[in-house]
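# Geometric and topological summary
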Amino acid sequence: MIDFRKISREVWAFFEETGIYLSNIGISTITPEAVALCLWNKDCERPQNTEPLFWHTDRKGFVMYIANNVIVPPEYYNEVTETDFNPDMLQGFESILSEYDSVTMKNLSEWLIDKWLPEHYPQYFPPTREREFTTENLESMERENHINELPSVIVNGDTPTRNPADDDESTGATINEYCDNMLAMAINGKLHRALGREKEMDDLLLYLAMSTKNCPALIGKPGTGKTAIAEELAFRLAYGDIPEPLKHLKLYRLDYSRIRASGQEEAIMRNIIDEAADDPNLVLFIDEMHLLINNHPQAPNLVAQMLKPPMARGEIKIIGATTYEEYSQNIESDQAFERRFNPINIKEPDTETTKIILRRSEARFNHGLMLSDETLYEAIKLTSKYIKNRYLPAKAIELIDQAAARIALRNDGVCTLTPDDLKRELAIKTGLPLERVSQDETIFLNSLEEKIHEIVIGQELAVQAVSDAIRLRRAGGGNDDRPIGSFLFLGTTGTGKTLLSKAVAQVLFGDKDKMEHLNMSEYRQENDTTKLIGSPPGYVGYENGGAFTNKIIQNPYTVVLIDEFEKAHRSVHNLFLQVLDEGHLTDSHGRTVDFSNTVVIMTSNICQEEILSYLPKENVNKEDIESCAEMVMQRLKDYLPLELVNRFNKIVMFEPITFNDALKISELLLNKTETKLKSNDNIILQHNNDVIDFIATKGYDRKLGARNIERTILEFIETPLMNLKLKNRLNITCPIMAYVDDEQIKFRN
């Protein structure tokens, strides 16, 4: 009698999940063999660092044995019904319950690998061999060129054991015409290995060995290596590194886009399906498998309908590959077709696995590269941090290849790649300044306020609030998928809300113009969302996509400044709620637009008069600001949904500028004016403190803020100078001094 009280909640949940999984492939009991199979062939919860425990075993042999001798699936899989977990399904676990006081995932795994499996399957689990393949010594073995010791990592020798021409002779004429022999491509060096993907490969082999439902579907994000797994199968078939029951398989890649372009899609596909059904050793690989589904509501899915019967009978083997989004939108829309596939989840590899993939990918680069561990880790770190809309390992491989190619072109083919080279290439690729990419992150984050205050005068509390929020996000706090920062700026006009936004763009992205500026007074109607994400299919402008989302796709590192947000329609509010909450939008073309590298700033000028009367004219403190912000937020609740307000990292109140602020702003703007005059008109202008006082006194207006200072400089400096120049009364061959005389600004050489 099993004492179920000893089983931990974690293991109990795992048994429940395993029971449902096993019932779907025709197994009604949960045995130690089945648990081991699920640990290796299903995305289930498992103890950390258990993968090295399996490396000393003949895992593939065991999986194939279980698939052929233990699992007896139903003859047909027209319908699959999930079975609820029943404790009576557990068989063969009496010894572990007698050995442990409580059964956890860790000791369940140890019991399986150390005791039960070696005792019952010694041919696959030799008990005398030490577990020498750990994460730590895996790298040292790589450095010592002992890779051949790793099971199922490379092919058995350099000589193919198969002749692809024999496969072509025994394969139908239509398949030969419209499909590519992947074994021939592997032998000719046209394919790449899938490294560090043993679990996924075991899943693939298991499903191909099954009598029915023998069509695996490789599903994952772009760039995670779905196609490479099918290519890895081609290598293993070509070089004999394959279990006996599968060694005669032939693998052909179906070029479905070429078939569709032929104009005879139905006839060609019918011939291919008939030829494949008559050839039990043939496997078709269909990349972009979602193209098999026509999601037009009025058009029948002819190809899918033709495939369903032979797939249900196990007469045809197909390996499909697509993304999560396409699988959900297309394949799952035809549930009967979707049931014919066994999904294999291709996740983005972790850092260590990606490093191994990069190390063993050196041969694919045409630059004679020898990469240090430091360079490999730098490629992973840089692409993980700065390239959010792509996935490992593809984005790291691309960065290395691109940087190496650039160096080789400059140095007549000689290429020595360093971490600094990768940083330079990333700066070019992303448009970020090299200084920003190269600078130590801690030093950069600690200097945020200082750098922002080089541009923004005053507003100490606002600058600190923004800097603190960005620091938290950059230091690893919060959700990585969300924007770098999201802020609601409140305050009267001319207090520096837009200027602080430009300063953030300058400091974070190296250019104050890296900013998308929207005014919500133009988005008051429900259908104004089309201006942001594009028109729906069938409407005018659909082909252009969304003007706003297109800009974010083209410039992912940007500040999004949204003025007068309270004026937008509720549907627009909901769009930006998704941006703040999930970090992405889906445009009218179905593209996912990533906002994780943006800073989103929304502004409101509501309660202008109330703010001016609420805050004192001088010596405003933090409590005054917080109290005023609370007053404004009470009013804003009438305009903005509460769930949106709660998504901001910070709500920042800008205080009206003081006369002391006006003096500093006047000096800063005068200096900028002098720089512009020298650059554009070759005029060297100088000023004294009297001019600063004059501009500040004339321009200071608590209601209008700094904008009135800009107008004052235009009126008393720039316009008079240009008039003198046009009348040839200005000598620009020597410096010009601006001074105050008789309540006027005058000029002299």
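Residues numbered from 1 in each chain as written. Predicted model: local features only at pLDDT ≥ 70, side-chain atom pairs only at ≥ 80, totals over all residues. Heavy atoms only, no water.

## Quick look at the pattern of salt bridges
Under the convention used in this document: A carboxyl oxygen of Asp or Glu within 4 Å of a side-chain nitrogen of Lys or Arg is what we treat as a salt bridge. Runs of H or I in DSSP of at least four residues are treated as helices and runs of E of at least two as strands, each being numbered from the N terminus. Exposure categories follow from relative accessible area, calculated using a 1.4 Å probe and restricted to protein chains: below 20% of the type maximum is buried, above 50% is exposed, and the middle band is partly exposed.
Scanning the model with the defined rule gives 34 salt bridges in all. Close ionic contact of R253 with D180 constitutes a salt bridge, the shortest N to O distance being 3.4 Å. With R253 in strand β3 (residues 250-254) and D180 in strand β1 (residues 179-181), this residue pair connects regions lying 73 residues apart in the sequence. In this structure, K512 and D513 form a salt bridge, with 3.4 Å as the shortest nitrogen-oxygen distance. Note on D513: relative accessible area 54%, which makes it exposed. Salt bridges sharing partners connect three or more residues here, namely R193, E198, E232 and R236.

## Focus: the sheet that holds strand β14 (residues 685-687)
Picture the strands of a sheet paired through backbone hydrogen bonds; they go either parallel or antiparallel. Heads up, the condition is: In short, DSSP must find at least two bridges between two strands for them to pair. Note on geometry: axes are lines fitted to C-alpha atoms, helical ones only across the stretch in contact, with angles between N-to-C directions running from 0 to 180 degrees. Should any heavy atoms of two residues lie within 4.5 Å, those residues are considered in contact.
Reading across from one edge, β14-β15-β16 is the order of the three strands in this open sheet, with mixed pairing throughout. The outermost strands of the open sheet, each flanked by one partner alone, are β14 and β16 (744-748). Across the sheet, the mean angle separating the axes of adjacent strands is 35° when strand polarity is ignored. Here β14 runs beside strand β15 (residues 736-741); their pairing, made up of three bridges, is parallel. What sits directly across from L685, in β15, is I736. Strand contacts of helix α34 (residues 689-699): β14, β15 and β16, with the helix running at about 60° to β15, the strand carrying the most contacts.

## Section: the state of the cysteines
To keep it simple, the criterion reads: The term disulfide is used for any two cysteine sulfur atoms that are within 2.5 Å.
All chains considered together, the criterion is met by zero disulfides. Here C607 is not disulfide-linked; the sulfur of C628 is the nearest cysteine sulfur, at 8.2 Å. The exposure class of C607 is buried, given its relative accessible area of 6%.

## What to know about helix α25 (residues 460-474)
Filter applied, for reference: Residue count minus one, scaled by 1.5 Å, sets the expected span of a helix.
Taking 1.5 Å as the rise per residue, α25 with 15 residues should run 21 Å; its terminal C-alpha atoms sit 21 Å apart, in good agreement. Considered for burial, the residues of α25 that qualify are A462, V463, A465, V466, S467, A469, I470, R471, R473 and R474.

## What to know about the packing of aromatic side chains
The criterion, for reference: Whether two aromatic rings pair depends on their centres lying within 6.5 Å, for rings of Phe, Tyr and Trp, where Trp uses its six-membered ring; planes under 30 degrees apart make the pair stacked, over 60 edge-to-face, and the rest tilted.
Summed over the entire model, instances satisfying the criterion amount to eleven aromatic pairs. A ring pair is formed by W111 and W116, whose centres lie 6.4 Å apart and whose planes are at 45°; its orientation type is tilted. Among the residues examined, W111 registers a relative accessible area of 2% and is labelled buried. Classification of W116 as buried rests on a relative accessible area of 10%. Here the aromatic rings of F659 and Y700 are separated by 5.9 Å at their centres, their planes lie at 80°, and the arrangement is edge-to-face.

## Concerning unusual backbone geometry
The peptide bond linking L392 to P393 adopts the cis configuration, its omega dihedral lying at 5°. By secondary structure assignment, the location of P393 is in the loop between α19 (373-386) and α20 (394-410). The phi angle at E743 is positive, at roughly 60°, despite the residue not being glycine. Positionally, E743 belongs in the loop between β15 and β16.

## Things to note about the sheet that holds β1
In space, the six strands of this open sheet follow the order β1-β3-β4-β5-β2-β6, with mixed pairing throughout. Sheet topology places β1 and β6 (341-346) at the edges, where each strand pairs with a single neighbour. Put simply, the sheet's adjacent strands are angled 25° from each other on average, direction ignored. For strand β2 (residues 215-220) and strand β5 (residues 317-322), the ladder comprises three bridges, and the chain directions are parallel.

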